[in-house]
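# Reading the structure
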Amino acid sequence: MAAASPPPPGTNPLFSFLFLFSSLFFFYYSALPHCSALSTFSISETSNQTLVCAIVYRSDTQQSSLNCTSLDGTGLPGVPIFPDVPFSGVVSGDGFVAAVRTFTSPVPTTSTLVTWRFSGGIVERKRIYSGPEITELESGNTNICGLIGSGGNNASSAVRNFDCWQWREFNASSVPRFSSIAVGGDFVCGISSTNGNITCLGDSRNSSSSRDVISQSPSGENYRAIAAGAGHACALSSDGGLTCWGGDTISSSSSILEGERFISMAVGENRTCGLRSNDTVICWGQNNFRLPASLEATHFVSIEAKRTVFCGVVREDFSLHCWGGGNFTNQSSNSSSIVFSRVLPSACRIDSQCRCGPLTGSGNLCQPGYSICQLCRDFTNPPPPLSPPPPPRQPQSTPPRGGGGWNSKMTAFTTVGSAGSLAVLLVIGFFLYKRVKCSSCKVHDSGPMDEPTTSTPPPPQQRNPSLPRVLEKRLSELASMGNAGQLEEYSLEILLEATSNFSDDHKIGTGSFGSVYRATLPDGREVAVKRAETSSGNSPRTSLGIFVKHQEDKDNAFVHELESLSRLHHKNLVRLLGFCEDGSERILVYEYVSNGSLHDHLHRLDQSPLATWPARIKVALDAARGIEYLHVYSVPPIIHRDIKSSNILLDASWTAKVSDFGLSLMGPSDEEAHLSMRAAGTVGYMDPEYYRLQQLTTKSDVYSFGIVLLEMLSGCKAIHKNENGVPRNVVDFVVPYIVHDDIHRVLDPRLPPPTPFEIEAVAYVGYLAADCVMLEGRDRPSMTDIVNSLERALAACLVHSGSLSRSTTGSSA
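Small disclaimer: the values here were computed from a predicted structure and weren't measured.

## A word on the overall build of the chain
Looking only at helices and strands, the chain features 14 helices and 37 strands. A total of 813 residues make up the chain; the buried ones form 52% of that total. Residue pairs in contact within the chain that sit at least 24 positions apart in sequence constitute 59% of those at least 6 positions apart.

Below is the structure:
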C-alpha cells in the first residue's frame with residue numbers, strides 16, 4: 001500500500017513539529033558555505049620577468065606562507081612582504097600580485113584582498129577589499145574579479161555576490177549571480193548559479209578578440225567549470241566535454257581532443273591545457289604547443305596559466321612545476337620544471353565541505369579538521385549535497401491497535417525530533433547572536449592620559465570563592481569554534497607559584513590591562529603574566545547588582561580580548577600564549593621579551609646596543625610592521641591607541657615587538673572614516689586631532705608612532721624639560737629643525753655622528769616623522785607608507801648607496 005500523504009499543517013501537533021524541524025534543518029544546511037575556488041598559485045609578468053607566486057608549505061614551521069620567485073631565479077625585491085601571514089588564495093597579472101586572507105572568527109567569515117604592484121623595482125601595497133568572504137578570485141592581465149558570500153550563489157540578497165577591482169569601467173552591480181567565473185583580457189565570463197548557462201560581459205572599449213568572446217559564448221546549460229585567457233575562453237560541460245570559443249581559439253585541436261574528458265583546464269594566449277580525469281595533462285595551441293614529454297606521465301592536482309606560461313601542482317608530492325614560455329623551451333627533465341617543492345594545491349577547507357572527499361595526504365598541509373578538497377571526476381553523476389536527516393516517518397492510514405496512534409517507536413521519534421529541533425534552534429540563535437555582537441565596534445581605552453601609576457592589586461586570597469565560573473561555557477565555545485587557536489589555559493595555582501603569589505619581586509611593569517609579572521613555568525619557559533586589576537564585591541560602596549554587572553563587563557572584555565589576540569600572529573607583535581580564568585581572576589600569559597622596552601634603551605640605560613643609527617632605524621621598521629599588521633591585515637582592523645616607546649619591546653635577537661594591544665579591538669569599518677570615542681592615551685603621544693574632535697582613526701596611531709620616531713632621533717622624551725626646567729613637547733622642539741634641514745643640531749648626542757651615507761637616511765626619517773605628526777590626519781602617511789619609507793632608509797644605511805628624497809607619503813584618511 002502506498003504511503004499516505006502528509007496531513008495538512010496543524011492537523012497533528014507531532015507532525016507539525018517534525019515538519020518545522022525538517023524545514024529548519026534544510027535552512028541551516030543551505031546556509032553552510034560551499035567549497036571555495038581560490039587558486040593557491042599564480043603567474044605574473046612585469047617588464048621582462050615572469051614571476052610565479054604560491055602559498056608554500058614550510059616544513060620547518062609547519063605553516064604555509066606566500067612566496068614568489070622569478071623563473072630566471074633572480075626573484076623580485078620586496079616579495080613576499082609578510083611571509084608569516086597565512087593567505088588562502090593568490091592571483092596575478094601584469095605587474096601585480098593579489099592575495100586573499102580569510103578569517104573564520106569572528107562569525108561570519110570575512111576576507112581581505114591585498115595587492116602588490118611592481119614598478120621600477122618599487123613594491124607598492126594596498127588593501128583593496130575587506131568584507132564578506134571571497135570564495136572565488138580570478139584575474140586577467142590587469143583586472144581582478146571575485147565571488148563574494150557563501151559559495152558565490154547562496155549569499156544573502158544584502159550581499160553582492162560578484163565584484164571587480166582595478167576595473168573602473170566595469171559595472172558589476174547588474175551582473176547575474178554566478179557559481180563560477182573566469183577573467184580574460186577585458187572581459188569576464190560566468191556560469192549561472194540557476195541553470196548553468198554561460199554569460200560573458202565587458203566594457204565598451206573591448207578589443208576585437210574580447211568582443212568575439214562575448215558574442216560567441218556558447219548556448220545551452222549545465223556547464224560546470226570555466227577558464228579564460230587574453231582572447232578566448234573554454235568551459236566544461238556536465239559530461240566533462242570541453243568547449244572553447246573566441247578570436248584566438250585553435251581550431252586544429254579538434255583531433256587532439258576527440259573523446260577526451262576533463263575535470264579542469266587552464267587557458268593562456270593561443271594555447272590551452274586540460275586536466276584529464278586520470279590526473280594527467282594534455283596541451284595544445286599555436287606553434288604546435290604541447291606538454292613537455294618529461295611531464296606527460298605526471299599526475300597533477302590543479303593547473304593555472306597566464307599568457308605563455310603554465311604551472312601545475314603534482315599529486316604525488318605537491319611540488320609546483322611550470323612549462324611553456326622562453327624559460328622552458330629546451331626543458332628535458334622533470335626536475336628542471338620545479339619552481340617550489342611543496343605548495344598547497346588549493347585552499348584548506350573543513351573536511352565535511354569536500355563533496356568528493358579530501359585529497360589524499362593534504363591533511364598534513366592544513367590545520368586539524370581541514371583538508372584540500374579533491375576535484376570531482378564523475379560529472380554525469382555528481383555527488384549529492386550533504387544529506388539532511390531521513391524524512392519523518394509518515395503516519396499509517398489507520399492507527400495501530402490499543403495505542404491511539406502513540407506506540408513506543410513514535411514516542412522515541414518524537415523525543416529525537418524534539419532534541420534535534422532544539423539543537424538546530426540553538427545553532428541558529430548562536431549565529432544570530434554572534435552576528436549582532438560583532439556588529440558593534442570596540443576599542444581600547446588606554447586609561448588615564450598620564451603615565452600609569454603603580455597600584456598593588458588585592459592578593460588572590462581576597463577573591464570571592466563563591467563566584468560562579470561564568471566564563472567556562474563561553475571559553476569552551478570559543479575553543480570549540482577554533483577561535484582560541486593554540487592558546488593554553490593555565491591553572492591559577494601554577495601562576496601563583498611562578499610569580500611567588502604575584503609578589504613585587506616579580507613585577508616588571510604596569511600595562512593597560514593590569515600589572516605585569518615575570519614568571520618561569522614548570523617546563524622552564526619564561527613568560528610575562530598580565531593580571532587584571534581585581535575588585536571585591538564586599539566594598540561598602542558596591543551593591544551586589546552593580547558588582548555582578550561590573551563582572552559581566554570584565555568577562556565580555558576578557559573573551560573579546562582572547563578572541564582578538566588569538567587571530568594575531570606576527571613576528572613584530574608580542575605573542576599571547578594562554579590565559580587563566582578562576583573566580584574573579586582574569587590573567588593573560590604572553591611570551592617574555594628579554595631585552596626590555598625601547599623607552600629603557602632611549603632614556604634609562606647608560607649603554608645600549610641601540611647606539612647606532614642603522615640599529616635604531618631597524619627597530620623603528622620592526623615596530624612599524626607590527627602596527628601595519630594591526631591596521632591592514634587584521635579583520636576587522638585594530639587601532640592600538642597607545643603607541644609609545646614603552647610599549648615597543650625588544651627580544652633576545654633585538655627584534656622589536658609591539659605590546660599592550662590586548663584591549664585594542666575593532667576599528668572603524670571601511671564605510672566609516674572614524675570612530676567617535678572619548679579621547680584616551682598617554683600624554684605626549686596622543687593625537688591632538690583625536691583629542692579635539694573625539695574621532696579615532698588609524699592616523700591616530702600614526703601620530704603616536706611619529707612621536708616615537710622623534711624620540712629615537714633626538715633622544716628626548718615625548719614630554720621633557722628644556723634647559724630652564726620648563727616642560728616641552730618633542731614635536732615643538734625637534735620638528736622646526738627638521739623642516740629647516742638642520743636635523744643634525746637635534747640628533748641624540750649619545751650616538752656617534754652619522755656617516756655621510758647615514759645622515760641622508762636619518763634626515764629622511766626626520767622628514768617622515770614630521771609628516772606623521774601633522775595636525776590633520778588626512779595629511780599623515782599610512783602605516784604601509786611608513787614601512788616602505790623605513791625600508792628604504794635602512795637599505796641606504798646598510799648598503800651605503802642609493803638616493804633618498806623627502807618623503808611624499810601623505811594620503812587621505
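Still to come is the rest of the account.
## Details of the packing of helix α11 (residues 698–714) against helix α12 (residues 730–739)
Where α11 meets α12, the closest approach of the two axes is 10 Å, and the angle between their N-to-C directions is 70 degrees. Looking at the two axes, α11 sits roughly perpendicular to α12. Here α11 contributes Y703, I707, L710 and S714 to the contact with α12, which in turn contributes V730, V731, V734, V735 and I738. Considered class by class, the residues forming the contact of α11 with α12 number 8 nonpolar, 1 polar and no charged.

## Points about the state of the cysteines
Counting across every chain of the model gives 6 disulfides. Note on cysteine connectivity: C189 is disulfide-linked to C200, with sulfurs 2.0 Å apart. Since a negative S-S torsion denotes a left-handed disulfide, the C189-C200 link at about 110 degrees is right-handed. One end of the pair, C189, is in strand β12 (residues 187–192); the other, C200, is in strand β13 (residues 198–202), and 11 residues separate them in sequence. Note on C200: relative accessible area 6%, which makes it buried. Disulfide pairing places C273 opposite C283 at an S-S distance of 1.9 Å. Judged by the sign of its S-S torsion, about 105 degrees, the cystine formed by C273 and C283 is right-handed.

## Brief notes about the UniProt feature "binding site: ATP" (unreviewed entry) in the chain
The sites that carry the UniProt feature "binding site: ATP" (unreviewed entry) are, in the present numbering, K530. Tracing the backbone shows K530 in strand β29 (residues 526–532).

## Brief notes about the confidence of the model for the chain
Averaged over the chain, the pLDDT score is 74; the fraction of residues at 70 or greater is 66%. Note that residues 434–470 has pLDDT below 50 and, in this model, 84 contacts with residues that lie over four places away or in other chains.

## Some remarks on the sheet that holds strand β11 (residues 178–183)
As summarised here, the arrangement of the 3 strands in space is β11-β12-β13, forming an open sheet in which the pairing is antiparallel. Of all strands in the sheet, those bounded by a partner on one side alone are β11 and β13. Neighbour-to-neighbour, the strand axes of the sheet open up by a mean angle of 25 degrees, direction not taken into account. The sheet contact formed by β12 and β13 spans 5 bridges and is antiparallel. The residue bridging I191 from the neighbouring strand is I198, located in β13.

## Regarding the nonpolar core
By size, the foremost hydrophobic cluster in this structure holds 108 residues, and its most contacted members are W116, L320, F705, L710, I786 and L790. With 12 residues, helix α9 (residues 613–633) is the largest single contributor of residues to this core.

Definitions and limits used
Residues numbered from 1 in each chain as written. Predicted model: local features only at pLDDT ≥ 70, side-chain atom pairs only at ≥ 80, totals over all residues. Heavy atoms only, no water. Helix = DSSP H or I, 4+ residues; strand = E, 2+ residues; numbered from the N terminus. Buried < 20%, exposed > 50% of the residue type's maximum accessible area, 1.4 Å probe, protein only. Contact = heavy atoms within 4.5 Å. Axes fitted to C-alpha atoms, helices over the stretch in contact; angles between N-to-C directions. Parallel < 35°, antiparallel > 145°, perpendicular 65-115°, else oblique. Nonpolar A, V, L, I, M, F, W, Y, C, P; charged D, E, K, R; others polar. Disulfide = S-S within 2.5 Å. UniProt positions renumbered as here; feature names shortened; annotations may be inferred. pLDDT = per-residue confidence, 0-100. Pairing = 2+ DSSP bridges. Core = buried A, V, L, I, M, F, W, Y, C linked by side-chain atoms within 4.5 Å.

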